[in-house]
Amino acid sequence: MSSAVSITLVQQPFIVAAVTQNTAKVLEIATGSQSDLLLFPELTLTGYPPEDLLLRGDFQLLVEQSLQQICAAKLPNTLVIGHPWRDGEALYNAASVIQNGEVIARYYKQALPNHGVFDEKRYFTEGTEACCFELKGQRFAVLICEDVWQGAPAALAKEQGADWALVLNASPYEIGKASRREELLQTLAKHLHLGFVYVNHVIGQDELVFDGQSLVVSPDAQLLFRGKACEPELATVNLAAPGQHYGPIDLRPRLSLEAEVYAALVMATRDYIQHNGFPGAVLGLSGGIDSALTLAIAADAIGADKIQALMLPFAYTSSMSVEDAKAQAEVMGVEFDSVSIEPMYNSFMQQLTPLFKGRGKDTTEENLQARIRGVLLMAMSNKTGRMLLTTGNKSENAVGYCTLYGDMCGGFAVIKDVPKTLVYRLSEYRNSISPVIPQRVIDRPPSAELAPDQTDQDNLPPYDDLDAMIEAYVEHDKSLPEIVAMGYDEATVRRVLNLIDINEYKRRQSAVGPKVTSRNFGKDRRYPITSWMRKQR
């Protein structure tokens, strides 16, 4: 006779390579739980992705010792825990089912993703068999992340008589991903008449953001539970026996696109700074919208008291920029300092002018301003130990509208994968919570202020057009003729695509930053620096 099973979805942060600390967290959570079963995320013990740490024998030894420690606790609950496991010469992305101090079953992930940000086939061998066990008369299968996206492992689990699939996940965030997960699980449930209990990591890990939003879908495709976005939680659900009423329905509100992206950026920034041991952050606050948004995110992530903002004006910096930067810092309670770069610029030019003889002014003088600012910001980062945050957006990074060793200096690029048009939307969203970004910063035409009366559109198409072209080329692999067919001038499209191609060398030297779009510049898009692709158009 089957009966209801209480399951706790452990949507918690597990830090990469913090095997000892992650194990302690598992034991602490399980010891304090009254649930029949606790479901942990993919590679719980190692965090995700451990990358080439998986190739180290001492790393695997830590995992084995941690599993022994968990078994030795002889907890009364059933635990389903993700971890790497070596069986002979093969390494597997595995999950162990632990009851009363014994591993009663172990599952090896069958579908190994090797696309986008994933390269699991570099490390793991594919599993081939389903894994099922019984608890209180109900039959549970174990699946891991990509298994549900490929479908066949879920069908195999159903063939083995499973009522529910327990899915351990490390599913990275991107815009629209949460709704696609829900649709996928509901479609599979309807097709297979198989319930899904889906738990996801919630942590920022370098350029990846794991957003939580764990799910429970009944065998009749009802969405029974939706977890919080970008927040840890321990959520307990009761799974009714087959034939009984499923419920209650507990759905956390779905965030707006802007709220969800903002929450992801805040979590990514906080976790990168804190998990790498930095006491705070420093950034250049120019009076422009990119640095304004970056400051807001950083302050929300780690607290305004841990941030220093520097305004580094020059002859071309408007009084409006100085006023707005100071006003935002004061409203947010951030330490603010202003240092003119003009004397330093003049000293450089005094030495460089004889070397520049016979050459007119060009972007060299503009880049020099940015590089002087970079030196000052890095000096403050070194002196205080704080992380320097870079403030460039995806649109600028795409076309190289940024200065290597200048405004690209820093250790973390908060809005690196945020298109300029989304920067404006996120700024408006943040101000809807409390007005921290001066409205003039949002309303005025964007400018790097490296030359008199300069605006971004002196050199770039309008951002609405530019972002659409970048998305088409970078995220959807559309060709020049296909983008022109979208209604854009061919010469403009050709210029934009060429800029994207030739600036790969800059992006390779840029700071890491959180992925939020369907394809970022980083693990998602691995293009050669030396390439004649543009000559083939």
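Named according to an unreviewed UniProt entry, the protein chain is Glutamine-dependent NAD(+) synthetase originating from Rheinheimera soli. Here the protein chain is described in UniProt, under the heading Pathway (unreviewed entry), as follows: "Cofactor biosynthesis; NAD(+) biosynthesis; NAD(+) from deamido-NAD(+) (L-Gln route): step 1/1." As stated in UniProt under Function (unreviewed entry), the record for the protein chain gives "Catalyzes the ATP-dependent amidation of deamido-NAD to form NAD. Uses L-glutamine as a nitrogen source."

(A) The arrangement of the overall build of the protein chain in detail. What the protein chain contains, in helices and strands, is 17 helices and 20 strands. Whereas a compact globule of 537 residues would reach a radius of gyration of roughly 24 Å, the protein chain reaches 26 Å, a difference of no more than 12%. C-alpha extents for the protein chain along the principal axes are approximately 90 × 50 × 45 Å. Every one of the 537 residues in the protein chain was classed for burial, and the buried ones make up 58%. In the protein chain, of all internal contacts separated by at least 6 residues, the share reaching a separation of at least 24 is 73%.

(B) Looking closely at the pattern of salt bridges. Within this structure, the stated rule accounts for 32 salt bridges. In this structure, Lys 121 and Glu 126 form a salt bridge, with 3.8 Å as the shortest nitrogen-oxygen distance. Note on Lys 121: relative accessible area 48%, which makes it partly exposed. Where Arg 252 meets Glu 233, a salt bridge forms, and the shortest distance between an N and an O atom there is 2.7 Å. Here Glu 233 lies in strand β14 (residues 233–239) and Arg 252 lies in the loop between β15 (250–251) and α6 (257–275), a separation of 19 residues in the sequence. Through salt bridges with shared partners, a single ionic network connects Glu 174, Arg 180, Lys 515 and Asp 524.

(C) How the structure looks around the state of the cysteines. A full pass over the atoms with the stated rule returns zero disulfides. Free cysteine Cys 71: the closest other cysteine sulfur is in Cys 131, separated by 14 Å. Residue class for Cys 71 comes out buried when judged on its relative accessible area of 13%. Lacking any disulfide linkage, Cys 409 is separated from the closest cysteine sulfur, that of Cys 402, by 11 Å. Taking relative accessible area as the criterion, Cys 409 reaches 18% and is therefore assigned buried.

(D) Representation of the sheet that holds strand β3 (residues 78–87) within the structure. Spatial strand order, β5-β4-β3-β2-β1-β14: six strands in an open sheet with mixed pairing. Each edge of the open sheet is held by one strand with a lone partner, namely β5 (102–108) and β14. Here the strands of the sheet are splayed against their neighbours by 35° on average, with no regard to which way each runs. When strand β1 (residues 5–11) meets strand β2 (residues 37–39), the two strands line up parallel, connected through three bridges. Note that in β2 the partner of Leu 9 across the bridge is Leu 39.

(E) Structural view of helix α14 (residues 463–475). Of all the positions in α14, only Tyr 463, Leu 466, Asp 467, Met 469, Ile 470, Ala 472, Tyr 473, Val 474 and Glu 475 are classed as buried. Where the residues of α14 are buried, they touch α11 (394–399), α12 (420–433), α15 (480–484) and α16 (490–502). Just downstream of α14, Asp 477 is the residue with a positive phi angle, here 55°.

(F) Layout of the packing of helix α9 (residues 342–352) against helix α10 (residues 363–384). Look at α9 against α10: their axes get within 10 Å of each other, and the N-to-C directions meet at 125°. When the interaxial angle is binned, α9 and α10 end up oblique. Both α9 and α10 take part in a crossing whose hand is right-handed. Residues Met 344, Tyr 345, Phe 348, Met 349 and Leu 352 of α9 touch α10, and the partners they reach there are Glu 365, Leu 368, Gln 369, Ile 372 and Leu 376. Looking at the contact of α9 with α10 residue by residue, the class counts come to eight nonpolar, one polar and one charged.

(G) Representation of the pairing of strand β4 (residues 90–99) in the model. Across the ten residues that make up β4, a large majority, ten, are buried. Burial along β4 is two-sided: Ala 90, Tyr 92, Ala 94, Ser 96 and Ile 98 facing one way and Leu 91, Asn 93, Ala 95, Val 97 and Gln 99 facing the other are all buried. Across nine bridges, β3 lies against β4 in antiparallel orientation. Bridge assignment links Asp 87 to a residue of β4, and that residue is Ala 90.

(H) Local environment of the nonpolar core. Counting residues in each nonpolar core, the largest one holds 51 residues, and the members touching the most others are Ile 7 and Phe 196. With 49 residues, the next largest nonpolar core counts Leu 293, Ile 297, Met 311 and Ile 437 among its residues.

(I) Just the pairing of strand β13 (residues 223–226), in detail. Sheet topology places strand β12 (residues 215–217) next to β13; three bridges connect them, and they run antiparallel. Paired with Val 217 across the two strands is Leu 223, which belongs to β13. From the end of β12 to the start of β13, which pair antiparallel, there are five residues, and Ala 221 there has a positive phi angle of about 75°. By the bridge criterion, two bridges tie β13 to β15 in an arrangement that is parallel. Across the sheet, Phe 225 pairs through a bridge with Asp 250, a residue of β15.

(J) Looking closely at the UniProt feature "binding site: ATP" (unreviewed entry) in the protein chain. Residues given the UniProt feature "binding site: ATP" (unreviewed entry) here are Gly 284, Leu 285, Ser 286, Gly 287, Gly 288, Ile 289, Asp 290, Ser 291 and Thr 391. A maximum C-alpha distance of 11.9 Å among these annotated residues, which run over 108 residues, shows that they cluster at one spot. Positionally, Ser 286 belongs in the loop between β16 (281–284) and α7 (289–302). With sequence-adjacent residues up to four places away left out, Ser 286 is seen in contact with Ser 291, Met 311, Ser 321 and Ala 325. Engagement of the side chain of Ser 286 in a polar contact is seen with the backbone nitrogen of Gly 288, the distance being 3.1 Å. Checked against the element boundaries, Thr 391 lands in the loop between β19 (387–390) and α11. In this structure Thr 391 touches Leu 283, Gly 284, Asp 290, Ser 291, Thr 294 and Ile 415, once residues within four positions along its chain are discounted.

(K) How the structure looks around the packing of aromatic side chains. Counted by the stated rule, this structure contains nine aromatic pairs. Taking the centre distance of 4.4 Å and the plane angle of 20° together, the rings of Tyr 272 and Phe 412 count as stacked. Taken together, the residues Tyr 272 in helix α6 and Phe 412 in strand β20 (residues 412–413) connect sequence positions 140 residues apart. Summarising the burial analysis for this pair, Tyr 272 and Phe 412 share the class buried. Site record: aromatic cluster; members linked through ring pairs are Phe 314, Tyr 316 and Tyr 345. In this structure, Arg 106 is placed above the aromatic ring of Trp 85, and the distance from its NZ or CZ to the ring centre is 4.0 Å. Lying over the aromatic face of Trp 532, Lys 535 brings its terminal NZ or CZ to 5.1 Å of the ring centre.

Reading the values: the criteria
- The written sequence of each chain sets the order in which its residues are numbered from 1.
- Only residues with pLDDT of at least 70 are given local features in this predicted model, and only at 80 or more are side-chain atom pairs given and counted; all residues enter the totals for whole chains, interfaces and linings.
- In computing side-chain properties, one takes all heavy atoms of the structure into account and sets aside hydrogens as well as water.
- UniProt positions are given in the numbering used here, feature names are shortened, and annotations may be inferred rather than shown by experiment.
- By definition, any uninterrupted DSSP run of H or I lasting at least four residues is a helix, any uninterrupted run of E lasting at least two residues is a strand, and each is numbered from the N terminus.
- Radius of gyration: over C-alpha atoms. The globule rule applied is 2.2 Å multiplied by the number of residues raised to the 0.38 power.
- Exposure is judged per residue with a 1.4 Å probe applied to protein chains only, and the accessible area is read against the type maximum: over 50% gives exposed, under 20% gives buried, and values in between give partly exposed.
- We call two residues in contact when some of their heavy atoms are within 4.5 Å.
- Salt bridges are defined as contacts in which a side-chain nitrogen from Lys or Arg sits within 4 Å of a carboxyl oxygen from Asp or Glu.
- Sulfur atoms of two cysteines make up a disulfide when they are within 2.5 Å.
- Only strands joined by at least two bridges in the DSSP assignment are considered to pair.
- Every axis in this analysis is a line fitted to C-alpha atoms, fitted for helices over the stretch in contact. Angles between the N-to-C directions lie between 0 and 180 degrees.
- What sets the label is the angle itself: under 35 degrees gives roughly parallel, over 145 gives roughly antiparallel, 65 to 115 gives roughly perpendicular, and the rest give oblique.
- Left-handed describes a crossing in which the near helix is turned anticlockwise from the far one by less than a right angle; the clockwise case is right-handed.
- Lys, Arg, Asp and Glu make up the charged group, whereas Ala, Val, Leu, Ile, Met, Phe, Trp, Tyr, Cys and Pro make up the nonpolar group; the residues left over, Gly among them, are polar.
- Throughout, nonpolar core names a set of buried Ala, Val, Leu, Ile, Met, Phe, Trp, Tyr and Cys residues whose side chains join them through atoms within 4.5 Å.
- Polar contact is defined as a pair of N or O atoms within 3.5 Å, subject to the rule that within protein one atom must be able to donate a hydrogen and the other to accept it, and that residues adjacent in sequence are counted only when both atoms are side-chain atoms.
- Aromatic pairs are defined between Phe, Tyr and Trp rings, using the six-membered ring for Trp, whenever the two ring centres lie within 6.5 Å; interplanar angles under 30 degrees are classed as stacked, those over 60 as edge-to-face, and all others as tilted.
- We call a charge positioned over a ring when the NZ of a Lys or the CZ of an Arg lies within 6 Å of the ring centre and within 35 degrees of the ring normal.

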